[in-house]
Amino acid sequence: TMSVRAHLLLKLVLLLPCLGLHNSANAARASLQYNGFYVTSPVLSDGSYYCEYLRFYPDGAAISVSSECGAVARRAINRWFHRDKSGNPPENVSDGQFGISGNHLNFRSRLKDGEVIYWGKIRQRSLRMHSLSRITGYRDFATYRFYPYAEPENPRE
């Protein structure tokens, strides 16, 4: 008969390939979404609440905006996330290029006065991102929930 230890090792050897398949299946489902935007929970700063919004484009561009929170703000902010024919974001909206390796995401978001560096993980319907402002030195960690666009991609002004 087989010892308990040998039996456990055999089970482990048989289970490892299955665990690997399960993890890669989850990684395949956790892909960056382009048909909407990601938003943080409200953050209190200087006596008022704001949310941070991120949008990603299939060509590798990323846009970042901080603004009011809630459904009305999410609808209004939609127009800020549309680039002109040259691919430039609206004025005063920070932008950059992102990179993905597996389920890891990183990008730099630039404005005239500096940049914010982001790095983190892509989840199924969210992002878990660290950030570092090269403008103020502020560091943060936040979860960004995904919201698909409920209205046409190119809203009328």
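Residues numbered from 1 in each chain as written. Predicted model: local features only at pLDDT ≥ 70, side-chain atom pairs only at ≥ 80, totals over all residues. Heavy atoms only, no water.

Considering the overall build of the chain
Selection criterion: Comment: elements are numbered from the N terminus, with helices defined as DSSP H or I runs of at least four residues and strands as E runs of at least two. Here the term buried applies to any residue with accessible area under 20% of the maximum for its type, exposed to any over 50%, and partly exposed to those in between, with areas from a 1.4 Å probe on protein chains only. Using the Shrake-Rupley algorithm and a 1.4 Å probe, accessible areas are obtained, with residue cover drawn only from the displayed protein chains.
Each helix and strand in the chain was counted, giving 2 helices and 9 strands. Helices (α) and strands (β) of the chain occur, in sequence order from the N terminus, as α-β-β-β-β-α-β-β-β-β-β. Buried residues in the chain amount to 33% of all 157 residues. Per element, the accessible surface of the chain, about 10,400 Å² overall, is 54% carbon and sulfur.

Thoughts on empty space enclosed by the protein
Which entries qualify depends on this criterion: Here a cavity denotes grid points, spaced 1 Å and computed from the protein atoms alone, that fit a 1.4 Å probe unable to get out, and a pocket denotes an open set having protein on both sides within 12 Å along at least 5 of 7 lines; residues with an atom within 4 Å of a point are the lining. Grid points are joined across faces, edges and corners, and a volume is the space filled by probe spheres set on the points.
Here the structure, examined in full by the defined rule, presents 1 cavity of 30 Å³ or more. Volume-wise, the largest cavity comes out at about 40 Å³. If you trace the largest cavity, you find it lined by T40, V43, Y50, E52, D140, A142 and Y144. Top element by residues in the lining of the largest cavity is strand β9 (residues 139-148). It accounts for 3 residues.

Points about the environment of D140
We apply this condition: Residue contacts are defined here by distance: any two heavy atoms, one from each residue, within 4.5 Å place the two residues in contact.
Along the chain, D140 turns up in strand β9. For D140, a relative accessible area of 27% corresponds to the partly exposed category. It is 5.6 Å that separates the C-alpha atoms of D140 and H130, two residues lying 10 residues apart in sequence. D140 has contacts with M129, H130 and S131, leaving out every residue within four places of it along the chain.

Focus on the packing of aromatic side chains
Cut-off, in case you're wondering: Ring geometry is summarised as follows: Phe, Tyr and Trp rings, the Trp one being its six-membered ring, pair when their centres sit within 6.5 Å, and such pairs are stacked at plane angles under 30 degrees, edge-to-face over 60 and tilted between the two.
The final tally for this structure, using the stated rule, is 8 aromatic pairs. When the ring of F37 is compared with that of Y53, the centres are 5.7 Å apart and the planes differ by 65°; the resulting orientation is edge-to-face. Here the residue F37 occupies a position in strand β1 (residues 36-39), and Y53 occupies one in strand β3 (residues 48-56), the gap between them amounting to 16 residues. For F37, a relative accessible area of 3% translates into the label buried.

Quick word on the pattern of salt bridges
Filter applied, for reference: Throughout this description, the term salt bridge denotes a Lys or Arg side-chain nitrogen within 4 Å of a carboxyl oxygen of Asp or Glu.
All told, the structure shown has 2 salt bridges when counted by the stated rule. Across the salt bridge formed by E115 and R108, the nearest N and O atoms sit 2.8 Å from each other. The closest approach of N and O atoms between E115 and R110, which form a salt bridge, is 3.5 Å. Note on E115: relative accessible area 16%, which makes it buried. You can call R110 partly exposed: its relative accessible area is 41%.

Some points on the side chain of R55
Convention followed: In protein, a polar contact means a hydrogen-donor-capable atom and an acceptor-capable atom, both N or O and within 3.5 Å, with residues adjacent in sequence counting only if both atoms are side-chain atoms; elsewhere, any N or O pair within 3.5 Å suffices.
Structurally, the position occupied by R55 is in strand β3. Engagement of the side chain of R55 in a polar contact is seen with the backbone oxygen of Y34, the distance being 3.4 Å.

Observations regarding the confidence of the model for the chain
Filter applied, for reference: Per residue, pLDDT measures the predictor's confidence, with a range of 0 to 100.
When pLDDT is averaged along the chain, the result is 77, and 76% of the positions lie at 70 or above. For the chain, per-element mean pLDDT is lowest for helix α1 (residues 4-29), which scores 40, and highest for strand β8 (residues 126-133), which scores 96. Below pLDDT 50 for its whole length, residues 4-28 participates in 2 contacts with residues either more than four positions away or in separate chains. Scored below 50 in pLDDT, residues 152-157 makes 9 contacts in the model with residues more than four places away or belonging to other chains.

Here's the deal with the nonpolar core
In globular proteins that are soluble, nonpolar side chains generally tend to be buried together. Short version of the rule: For this analysis, a nonpolar core means a set of buried residues of the types Ala, Val, Leu, Ile, Met, Phe, Trp, Tyr and Cys, connected via side-chain atoms within 4.5 Å.
Ranked by size, the top nonpolar core spans 16 residues in total, and within it F56, L105, F107 and L127 carry the most contacts. Once residues within four sequence positions are removed from consideration, L105 is found in contact with L32, F56, F98, G99, I100, Y118, W119, G120, I122, L127 and M129. If you look at the next biggest cluster of nonpolar residues, it comprises 14 residues, including C51, Y53, Y57 and F81.

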